[in-house]
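Structural characterization, general
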Amino acid sequence: MHYLLLLKHELAATLAIVVLLVARLGRNRETSFYIHLGYLLLLLHVFVSLFPSPEGQLFAGLFVNSPLLGLQKSFLAFGLLLIALTADRWLRQHEYVPEVFLLMISSLLGLFLLISSGSLLMFYLALELATLPIAALCNFDLRRQQSSEAATKMILSSAFSSAILSFGISLLYGSTGSLRFPDIAQRLSGSDPLHVIALVLLFSGFAFKLSVVPFHLWTADVYQGSPVPVTTYLSVVSKGAIVFIFCTALFQVFAPLQSFGRLLLIITAVATLLIGNLFALRQENLKRFLAFSSIAQVGFILVALSGGTKEAVSAAVYFVLVYLFSNVGAFAVVGIVSAATGKETITELRGLYHSNRLLSWVLALSLFSLAGIPPTAGFFGKFFLLMAGAHSSQYALIAFAALNMVVALFYYLRVVRAIFLEPPFEGVQSLNLSTAERLALALSVAGILISGIYSGAYEAIAALI
Amino acid sequence: MDVLKFLLIIGTGLFFIGAFGFLTRRNILTMLIAVELMLNGAALNLLAFNRYLWPDRLDGLFLALFIIAIAAAEAAVFIAIVLRLYRNMRTVDVERVSELKQ
């Protein structure tokens, strides 16, 4: 029983993969059958999340689990369900639906193992299991050139970053003689140059996956070229999981190198905020715009982590939850409009309010939350992040981040203004929303409002750390 | 010169030759080969460390084995994507793969 509870998320994902494989290899069925099967499996996943995760480890410390890690995995499982619901329209037009679900759930399994990894061996394997299916997914608008291009850029950058990571791991192994996180943490010292180099290499591997400046160059192209559900998955689920394991790596494994780690965090946080915001200002394509906005959001997480306290972890986990709802909401609207009409630029969405009121309100609320305007959850997310960052007394950094929030407000409101106030462009016709799409929009709006108004969410997370 | 140093120089050399190749070559398949060089450099490092510094446990050996296996999986996905790219765009030159706005 203990084993079942410890491995519940992984077992649910494996079960989903097996069921989908059997369904795919059996006789051919209609697309809608596969879509409903996929929703059912993801729902099962969310149901499994309701059971509590015990503290414990398996396989000689390769796999560790705790209530906090279980909660993080539940966020990811819920996020994937939301994304699948928003993708309804796109999936109905697609001919390879079971493969889409298979690849997404394989990647999710990789992310679960990544969060739970207790050794660099497991970490490396899980990271590859998480990224390779995403690269294939980027290619899933099979006949669009842009989709091929996005997949190529994705696999090139992820292969390069995993090569850098594995070299960093080899140096770490050479100087400490172990791959297990607790052993490594014990034997690291802040004065050994080899350890510093290993930290820099691992940090740049993470920076690639998190699209932290200067390793962000692939982000905009991949986000723009991929199908919208895949972009959502990349920016919400995959990025969230990597933030979680990044916290573990910084606070548990590299704790002895904290002062140097803080320096790296501060430098990259400033660069990430600056570049993300400056480029987001001049984007015309909405997916590209959200790509740069997500780069800037990661900058805020880095600011919090540079604080170096336990509160940084709880603030980051809470922010990922809030960011999940807000970003899924924004991408859902972009995805629905894009799947129905092929329109993706801000100019083409001008005056969306006149034809699609519900979609416009959801998009506006999500953008408000991303910008951090008070009644929405985004405000509290940013507030806790900056509070956590202030623990290291780097007040200049906090002021810089707060200034960036003002700049961000400008470009988020530019989109809202285009949708509500400007005269319609070619008129996107009024769209009929399916039940799945309505459900997804309702859940993300509820998430944005409830996690902002109800203060228990942050306290519940903080209590687990 | 002892064997460990010699192996580490080769491993690090492979890694940086690979990195240089990745950043300068523009043919996607050559870039794949460059990444494989980088991974092999890391695997060689792990093996050398395991054999000469920590011979009592086999952590490094296992990770090296897994790196080889993963490199194969990565190459499979990579080549599938490149085939698709070639069918769509008739090129494997990264400079010419730039439909998306720069």
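In this section: the overall build of chain A. Of the regular secondary structure elements, chain A holds 21 helices and two strands. Computed over C-alpha atoms, the radius of gyration of chain A comes to 21 Å, within 12% of the 23 Å expected from 2.2 N^0.38 for 465 residues, which places it in the range of a compact globule. Taking the principal axes of the C-alpha coordinates as reference, chain A spans close to 65 × 55 × 45 Å. Of all 465 residues assigned to chain A, the portion counted as buried reaches 66%. Both charge centroids of chain A, one from 26 positive and one from 20 negative side chains, sit 2 Å from each other.

Along the chain, Ala69(B) turns up in helix 3 (residues 59-89). For the pair Ala69(B) and Leu83(B), spaced 14 residues apart in sequence, the C-alpha separation works out to 22 Å.

Residues and elements named next belong to chain A. At a minimum axis separation of 8 Å, helix 8 (residues 145-176) and helix 10 (residues 193-210) run at an interaxial angle of 155°. With respect to each other, helix 8 and helix 10 are oriented roughly antiparallel. At the point where helix 8 passes helix 10, the crossing takes the left-handed sense.

This next bit is on the nonpolar core. Residue and element names in this part refer to chain A. Of all hydrophobic cores here, the largest spans 216 residues; its most connected members are Leu76, Leu91, Phe123, Tyr233, Phe246 and Leu367. It is helix 15 (residues 310-341) that provides the largest number of residues to this core, a total of 22 residues. Apart from residues no more than four positions distant in its own chain, Leu91 is found in contact with Thr31, Ile35, Tyr39, Ala84, Val97, Val100 and Phe101.

Residues and elements named next belong to chain A. The contact between helix 15 and helix 21 (residues 456-464) brings their axes to 9 Å, and the two run at 135°. One element, helix 15, and the other, helix 21, form an angle in the oblique class. Every pair of crossing elements has a handedness; the one defined by helix 15 and helix 21 is right-handed. Across from Glu311, Ser314, Ala315, Val317 and Tyr318 in helix 15, the residues of helix 21 making contact are Ala457, Tyr458, Ile461 and Ala462. By residue class, the composition of the contact of helix 15 with helix 21 is seven nonpolar, one polar and one charged.

What counts, and at which threshold
Residues numbered from 1 in each chain as written. Chains lettered and ligands numbered in written order. Predicted model: local features only at pLDDT ≥ 70, side-chain atom pairs only at ≥ 80, totals over all residues. Heavy atoms only, no water. Helix = DSSP H or I, 4+ residues; strand = E, 2+ residues; numbered from the N terminus. Rg over C-alpha atoms; globule rule 2.2 N^0.38 Å. Buried < 20%, exposed > 50% of the residue type's maximum accessible area, 1.4 Å probe, protein only. Lys, Arg positive; Asp, Glu negative; His and termini not counted. Charge placed at Lys NZ, Arg CZ, Asp CG, Glu CD. Axes fitted to C-alpha atoms, helices over the stretch in contact; angles between N-to-C directions. Parallel < 35°, antiparallel > 145°, perpendicular 65-115°, else oblique. Left-handed = near helix turned anticlockwise from the far one by under 90°. Core = buried A, V, L, I, M, F, W, Y, C linked by side-chain atoms within 4.5 Å. Contact = heavy atoms within 4.5 Å. Nonpolar A, V, L, I, M, F, W, Y, C, P; charged D, E, K, R; others polar.

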